[in-house]
Structures are given as C-alpha cells and as structure tokens.
Amino acid sequence: MGGIIASAIEVPELAAAAAARGLRLVPLAHARPTRDAAALIAHRDGDPERAVAEARASGWIGPLMLALTHEAWIVRALDAGADDAVLLPASAGEIAARLAARLRTSAAAPIEIGELRIEPVERRVTRAGRALDLLPREYALLLCLARHPGEVVSRAELLAQVWRLGFDPGTNVVQVHVSRLRAKLDKGFARPMLVTDKGRGYRLIA
C-alpha cells in the first residue's frame, strides 16, 4: 500500500513488521508531515494531551499514535485528538497493523486544498466544483503534490513516487507532465495552484 511509520521510540522488530505491510520505518525527526506518514510517539511526563498538542502544532497531519505506559492515559490521548493509542509493551505486529489500518483510512479520505477537492476512492478531482479530466499519470502527480500541500516537492521525489524511479533518466518527463497537469488544473482560473520553484521543484497551493 505504501506509506511511512515515523517513530520517535524504539520498538524491537517494528521495521520488519512495517515492511511486511508495505510500510517503511523512519525516525520521526527525519519524516515529513504528510497524509501518508503515521507518527508513533510516547507520552511526555504523564501528559498525553500535551504530547498530542505538540505533535499537531509541529504540523503533523497524518495519523498519530501514542504509545503509553498507563492504561488510564489511553482515553485521555484519544480524547485529546490522537488517532490511536497502545499500551506498552505492545508487540511490533500490533503497532504496525494498527498504523497500517489508519493509513488506509487516511489514504481514502478526500483531500481539500482551497478550491481543489480530490476523492481518492473514486479518483475524482474537481476545482471550484468543475470536474478535471486527468490521465492516470497526471492524477498520480497531482495526488503526490496534494499530499505535501504548500511544500516544494523536488523532481527527484516526483520521479521516485510517481514514476517509481530511483534515478534521473535525464529527460524532461516531469516537466512535460507538470505542464499538462497545470493546463487542466489552472486553465480558466485567475490564480494558479501549481507553482514552479525554479531549481527546487513544484508546489501545490490553495
């Protein structure tokens, strides 16, 4: 299914359990806050509410799980806005399975950025209510950018995520598809949503 588990704690065998579900384990400090990344963090000083608030304040928009050492804190964490919570020592398999389920739900949820609405299940895209007829690669490109709203996504990242290439083929394939997507996304609107940051990559803005 693809996706990332960004962990701030050490859980033995979590990397293997994540990989078995098509997920990649990375340190939380190195992860970008996107919808296809789930965060695993521990409580802080017995204050799960504070841990949730700080994670969201840092910009984390994907699923958020707290790993706790007291059962009473689970309800507090969920009430504070965590998507899930587990009681340590939980198994790596349980943690990975729970986060994989959360990521599946997150991936299916509509994405709204300003006038743009993407419905991943139906693969339907509209801007200001107007349907956009996108080819599969154009849709994949838009979805990749939409999962990083307002952030610059580099050419290398697009090649890896949309074309599944770990190298630069030395062609203008990215520029061509961005141009085609921009023509459909921005045509007829006063303000462009797909922006080029010269030498850095591309951004989708509201």
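Structure shown above.
Residues numbered from 1 in each chain as written. Predicted model: local features only at pLDDT ≥ 70, side-chain atom pairs only at ≥ 80, totals over all residues. Heavy atoms only, no water.

Asks: Even after reading the chapter, I still don't get the overall build of the chain, so can you show me in this structure?
Replies: Across its full length, the chain carries 7 helices and 11 strands. By the compact-globule yardstick of 17 Å for 206 residues, the chain fits well, its C-alpha radius of gyration being 19 Å. In terms of overall dimensions, the chain has C-alpha extents of about 55 × 35 × 30 Å along its principal axes. With 206 residues in all, the chain has 42% of them scored as buried. Here the contacts in the chain between residues at least 6 apart in sequence split such that 52% fall between residues at least 24 apart. If you sum the accessible surface of the chain, you get close to 10,600 Å²; carbon and sulfur atoms cover 54% of it. Charge centroids of the chain, computed over 28 positive and 23 negative side chains, lie 9 Å from each other. (Helix = DSSP H or I, 4+ residues; strand = E, 2+ residues; numbered from the N terminus. Rg over C-alpha atoms; globule rule 2.2 N^0.38 Å. Buried < 20%, exposed > 50% of the residue type's maximum accessible area, 1.4 Å probe, protein only. Contact = heavy atoms within 4.5 Å. Areas by Shrake-Rupley, 256 points an atom, 1.4 Å probe, with all protein chains shown as cover. Lys, Arg positive; Asp, Glu negative; His and termini not counted. Charge placed at Lys NZ, Arg CZ, Asp CG, Glu CD.)

Asks: I keep staring at the packing of helix α2 (residues 48–57) against helix α3 (residues 72–80) and nothing clicks. Help me out?
Replies: Each pair of packed helices gets described by two things: the angle between the helix axes and the distance between those axes. Across the interface, α2 lies against α3 with an axial gap of 8 Å and an inter-helix angle of 30°. Compared by their axis directions, α2 and α3 come out roughly parallel. The handedness of the crossing between α2 and α3 is right-handed. Packed against α2, whose contacting residues are Pro48, Glu49 and Val52, the element α3 presents Trp73, Arg76, Ala77 and Ala80 at the interface. Residue composition of the contact of α2 with α3, by class: 5 nonpolar, no polar and 2 charged. (Axes fitted to C-alpha atoms, helices over the stretch in contact; angles between N-to-C directions. Parallel < 35°, antiparallel > 145°, perpendicular 65-115°, else oblique. Left-handed = near helix turned anticlockwise from the far one by under 90°. Nonpolar A, V, L, I, M, F, W, Y, C, P; charged D, E, K, R; others polar.)

Asks: I tried to follow the pattern of salt bridges on my own but got confused; where do I start?
Replies: Pairing between side chains of opposite charge can happen when their charged atoms approach one another. This model, assessed by the stated rule, comprises 15 salt bridges. Across the salt bridge formed by glutamate 138 and lysine 184, the nearest N and O atoms sit 2.8 Å from each other. Highlighted residues: glutamate 138 in helix α5 (residues 136–146) and lysine 184 in helix α7 (residues 173–186), separated in sequence by 46 residues. Under the relative-accessibility criterion, glutamate 138 is labelled buried at 2%. A salt bridge links aspartate 197 to arginine 200; the shortest N-O distance between them is 3.3 Å. For arginine 200, a relative accessible area of 54% translates into the label exposed. Taken together, the shared-partner salt bridges in this structure form one network comprising Glu112, Arg117, Glu119 and Arg124. (Salt bridge = Lys/Arg side-chain N within 4 Å of Asp/Glu carboxyl O.)

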